[in-house]
Amino acid sequence: MSLRARLLAWYDENARDLPWRVGPAARAAGLRADPYRVWLSEVMLQQTTVPHATPYFLKFTARWPTVTDLASAADEDVMAAWAGLGYYARARNLLACARAVANEHGGVFPDTEEGLRSLPGLGPYTAAAVAAIAFDRAANVVDGNVERVMARLFAVEQPLPDAKPELKRLAAALVADDRPGDWAQALMDLGATVCRPKAPLCDRCPVSAHCAAQAAGAPETYPRKIAKAARPHRRGVAYILTRGEAVALVRRPPKGLLGGMLALPTSDWRPEPWSDAEALAAAPAQAPWRSVGVVEHVFTHFSLTLRLLRAEGDAEGVIWSPRRDLDALPSVFLKAARAGLANLL
Ligand code: SF4
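Residues numbered from 1 in each chain as written. Predicted model: local features only at pLDDT ≥ 70, side-chain atom pairs only at ≥ 80, totals over all residues. Heavy atoms only, no water.

Colleague: When you look at the overall build of the protein in this model, what are you seeing that I'm missing?
Modeller: Regarding its fold elements, the protein presents 15 helices and 6 strands. Over its C-alpha atoms the protein spans a radius of gyration of 30 Å, topping by over 25% the 20 Å that the globule rule assigns to 345 residues. For the protein, the proportion of its 345 residues judged to be buried stands at 46%. In the protein, of all internal contacts separated by at least 6 residues, the share reaching a separation of at least 24 is 67%. As displayed, the protein offers around 17000 Å² of accessible surface, 54% of which is attributable to carbon and sulfur atoms. Each charge sign in the protein was given a centre, from 41 positive and 36 negative side chains, and these centres are 5 Å apart. (Helix = DSSP H or I, 4+ residues; strand = E, 2+ residues; numbered from the N terminus. Rg over C-alpha atoms; globule rule 2.2 N^0.38 Å. Buried < 20%, exposed > 50% of the residue type's maximum accessible area, 1.4 Å probe, protein only. Contact = heavy atoms within 4.5 Å. Areas by Shrake-Rupley, 256 points an atom, 1.4 Å probe, with all protein chains shown as cover. Lys, Arg positive; Asp, Glu negative; His and termini not counted. Charge placed at Lys NZ, Arg CZ, Asp CG, Glu CD.)

Colleague: What am I meant to see in the nonpolar core here?
Modeller: Soluble globular proteins tend to bury their nonpolar side chains together. Formed by 48 residues in total, the largest nonpolar core has its most connected members in Trp-39, Met-44, Phe-60 and Leu-70. When residues of this core are assigned to domains, at least three map to each of domain 1 (33-135) and domain 2 (138-228). Judged by nonpolar contacts, the second largest core, of 31 residues, contains Val-142, Ala-186, Leu-201 and Ala-213. (Core = buried A, V, L, I, M, F, W, Y, C linked by side-chain atoms within 4.5 Å. Domains from an automatic or database assignment.)

Colleague: Help me understand helix 6 (residues 75-82) in this model?
Modeller: When we look at burial in helix 6, the residues that qualify are Val-78, Met-79, Ala-81 and Trp-82. Seen along its axis, helix 6 keeps its buried residues to an arc of 165 degrees; they face one direction. Turned more than 90 degrees from where helix 6 packs its buried face, Glu-76 and Ala-80 sit exposed. Two residues or fewer after helix 6 comes Gly-84, characterised by a positive phi angle close to 105 degrees. (Arc of directions from axis to C-beta.)

Colleague: Teacher, can you tell me more about the environment of Glu-42 here?
Modeller: If you trace the backbone, Glu-42 turns up in helix 3 (residues 35-45). Residues Glu-42 and Tyr-125, spaced 83 residues apart in sequence, show a C-alpha to C-alpha distance of 9.0 Å. The contacts of Glu-42, once residues within four sequence positions are left out, are Tyr-125, Thr-126, Ala-129, Ile-133 and Met-188.

Colleague: Just to check I follow, could you spell out the packing of aromatic side chains for this structure?
Modeller: Centre distance and the angle of the planes are the two values used to describe a pair of aromatic rings. Counting across every chain of the model gives 10 aromatic pairs. When the ring of Phe-60 is compared with that of Trp-64, the centres are 5.1 Å apart and the planes differ by 65 degrees; the resulting orientation is edge-to-face. Per residue, the accessibility class of Phe-60 equals that of Trp-64, and both read buried. When the ring of Trp-269 is compared with that of Phe-299, the centres are 5.9 Å apart and the planes differ by 25 degrees; the resulting orientation is stacked. (Phe/Tyr/Trp six-rings, centres within 6.5 Å; stacked < 30°, edge-to-face > 60°.)

Colleague: Help me understand the pairing of strand 4 (residues 290-298), please; the structure alone is not making it clear to me.
Modeller: Residues in a regular strand project their side chains so that they alternate between the two faces of the sheet. Pairing of strand 4 with strand 5 (residues 303-312), which is carried by 7 bridges, proceeds in the antiparallel orientation. Following the sheet pairing, Arg-290 is matched in strand 5 by Arg-310. The hairpin formed by strand 4 and strand 5 contains 4 residues between the paired strands. (Pairing = 2+ DSSP bridges.)

Colleague: Teacher, can you tell me more about the side chain of Arg-323 here?
Modeller: If you trace the backbone, Arg-323 turns up in the loop between strand 6 (319-322) and helix 15 (331-341). Of note is the side chain of Arg-323, whose polar atom sits 3.3 Å from the backbone oxygen of Gly-244. (Polar contact = N/O pair within 3.5 Å; in protein donor to acceptor, adjacent residues only side chain to side chain.)

Colleague: Before we go on, may I ask you to explain the site of the ligand in this structure?
Modeller: Surrounding the ligand, one finds Arg-152, Leu-153, Val-194, Cys-195, Pro-200, Cys-202, Cys-205, Ser-208, Cys-211, Gln-214 and Pro-219. Looking at the shell around the ligand residue by residue, the class counts come to 8 nonpolar, 2 polar and 1 charged. (Near = heavy atom within 4 Å. Nonpolar A, V, L, I, M, F, W, Y, C, P; charged D, E, K, R; others polar.)

Colleague: Before we go on, may I ask you to explain the domain arrangement of the protein in this structure?
Modeller: Much of the literature gives interface size as the accessible area that the parts lose upon coming together. In terms of domain boundaries, the protein breaks down into domain 1 (33-135), domain 2 (138-228) and domain 3 (233-344). Averaged C-alpha coordinates put domain 1 and domain 2 at centres separated by 26 Å. Listed per partner, the contact involves 8 residues of domain 1 and 10 residues of domain 2. The interface formed by domain 1 and domain 2 holds 0 salt bridges in total. At the surface where domain 1 touches domain 2, the tally comes to 0 residue pairs in polar contact (both at pLDDT 80 or more). The greatest single-element share of the side of domain 1 that touches domain 2, amounting to 6 residues, is contributed by helix 9 (residues 124-135). Of the residues assigned to the side of domain 1 that touches domain 2, the class counts are 6 nonpolar, no polar and 2 charged. (Salt bridge = Lys/Arg side-chain N within 4 Å of Asp/Glu carboxyl O.)

Below, the structure written as structure tokens:
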């Protein structure tokens, strides 16, 4: 059986029941989805999940059952109803599009991908989705889910985002005039429920026999992504020198990381670990230093392991600060001071 036939047969049995959807049986009986509902759902789903979008969809369609109703709504009412979906520019585009359909198209959505693209705020993905789902046009509907399915089916080694045109081409080759709306939704459902991002359910997948990534093993590693440059790692020593209730601090040089801020005295921060002898040599004072742990911290451009040495003693050129004032330290030093002083607090 072909990949298309397998996936469509699976969809016939397993299509998700969604409030904007006309399921495969009803569609086979001649029913078509309402373009307004398909369009509204696609706009809502662009930044959120089906469970989060569904109550909004139901609220919108109860209050504004047609695109003409939505077009004549007050801006502030639509914005208020949208609150919680985020991306408010999208709500404004939604209204602009509804008004264009109502005023320039007699309240009827254009029934081709090109016609839909001409509407304000309606991008290529939404145009393809509405054309396929509402009008059964053989449009290539490719979102992140479909990209993932294509990358796995064909074991595409090129990483994202460079692979996007190739993934789109592969998806286009599977589009046909037979049931294009069901095909688009079948791919969506497969990506959402079976070919999931982290843990694909390959043993339940209707197209596993066609899947190159599954055959090769580790399908979850597709789509490939360009590895982020590893953050360099540095190591240093932080000194917690106490004199009674006071802790020795220093002011960091005005330029550079945490410039001008109060800090614990530290050694340099470098890639290599610090030996005991080096750590003692870099200390701000001769004192009976002892190891009291390590803390890890991640800065934007590097990560840091700080060894903590603590001693009671005196030093010159430091700022003695009451322990209660340590909360004003930058977080890396506050973390180090808290860890180093933990059993003294
Ligand atoms: Fe996705 Fe696995 Fe199916 Fe391949 S076999 S399409 S990886 S769920």
